[in-house]
Amino acid sequence: EFIDSYVFNKVEDIRFNSTVGKFVGYTEVGVKTAEAWNKDSELGPELGELERFCKHNADLHYSAIL
């Protein structure tokens, strides 16, 4: 699971969660921004990070934890 949080003044405004597959807003401004980012091309880089880092390293981290 890949989570990318955007925080301002110690308040989480927006979060990308790979399980949900989109940005989710937690404040009034965050909801509006998340809706815009979900319509725009902002999802591409986040999904790219999921493929580049998470899926590539999942087996390595899992075996290290065990």
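Remember, it's a predicted structure, so these values are computed and weren't measured experimentally. (Residues numbered from 1 in each chain as written. Predicted model: local features only at pLDDT ≥ 70, side-chain atom pairs only at ≥ 80, totals over all residues. Heavy atoms only, no water.)

Give me the UniProt feature "domain: MHC class II beta chain N-terminal" (unreviewed entry) in the protein: which residues, what numbers.
Those places that UniProt annotates as "domain: MHC class II beta chain N-terminal" (unreviewed entry) correspond, in this numbering, to residues 1-62. Counting secondary structure, residues 1-62 comes out at 52% helix and 27% strand; the distance between its end C-alpha atoms is 13 Å. (UniProt positions renumbered as here; feature names shortened; annotations may be inferred. Helix = DSSP H or I, 4+ residues; strand = E, 2+ residues; numbered from the N terminus.)

Let's hear about the pairing of strand β2 (residues 11-17): which residues, and what values?
Across six bridges, strand β1 (residues 3-8) lies against β2 in antiparallel orientation. Considered in β2, the bridge of Phe8 is made with Val11. Following β1, the chain reverses through two residues before pairing antiparallel with β2; Asn9 in that reversal takes a positive phi of roughly 55°. Where β2 and strand β3 (residues 22-25) come together, four bridges link them in antiparallel fashion. (Pairing = 2+ DSSP bridges.)

Requested: an account of the sheet that holds β2, with residues and values cited.
The three strands are arranged β1-β2-β3 in an open sheet whose pairing can be described as antiparallel. Edge positions in the sheet fall to β1 and β3, since each has one partner strand and no second. Between one strand axis and the next, the sheet turns by 20° as a mean value, whatever way the strands run. In this fold helix α1 (residues 28-39) packs onto β1, β2 and β3, with an angle of close to 165° to the strand it touches most, β3. (Axes fitted to C-alpha atoms, helices over the stretch in contact; angles between N-to-C directions. Contact = heavy atoms within 4.5 Å.)

Explain the nonpolar core to me, and be specific about the residues and the numbers.
Within the largest apolar cluster, eight residues are counted, these being Phe2, Ile14, Phe16, Phe23, Ala34, Leu43, Leu50 and Cys54. Elements represented by at least two residues in this core include exactly β2 and α2 (43-65). Not counting chain neighbours up to four residues away, the residues in contact with Ile14 comprise Asp4, Ser5, Tyr6, Phe23, Val24, Gly25, Gly30, Thr33, Ala34 and Trp37. (Core = buried A, V, L, I, M, F, W, Y, C linked by side-chain atoms within 4.5 Å. Buried < 20%, exposed > 50% of the residue type's maximum accessible area, 1.4 Å probe, protein only.)

Please give an account of the packing of aromatic side chains that cites residues and values.
For any pair of aromatic rings, the description consists of the separation of the ring centres together with the inter-plane angle of the planes. A complete count under the given rule lists five aromatic pairs for this structure. With a centroid separation of 6.4 Å and 55° between ring planes, the pair formed by Tyr6 and Phe23 is classed as tilted. Of this pair, Tyr6 sits in strand β1 while Phe23 sits in strand β3, placing them 17 residues apart in sequence. Judged by its relative accessible area of 30%, Tyr6 is partly exposed. An aromatic cluster of three or more residues is present, and its members are Phe2, Tyr6, Phe16, Phe23 and Trp37. (Phe/Tyr/Trp six-rings, centres within 6.5 Å; stacked < 30°, edge-to-face > 60°.)

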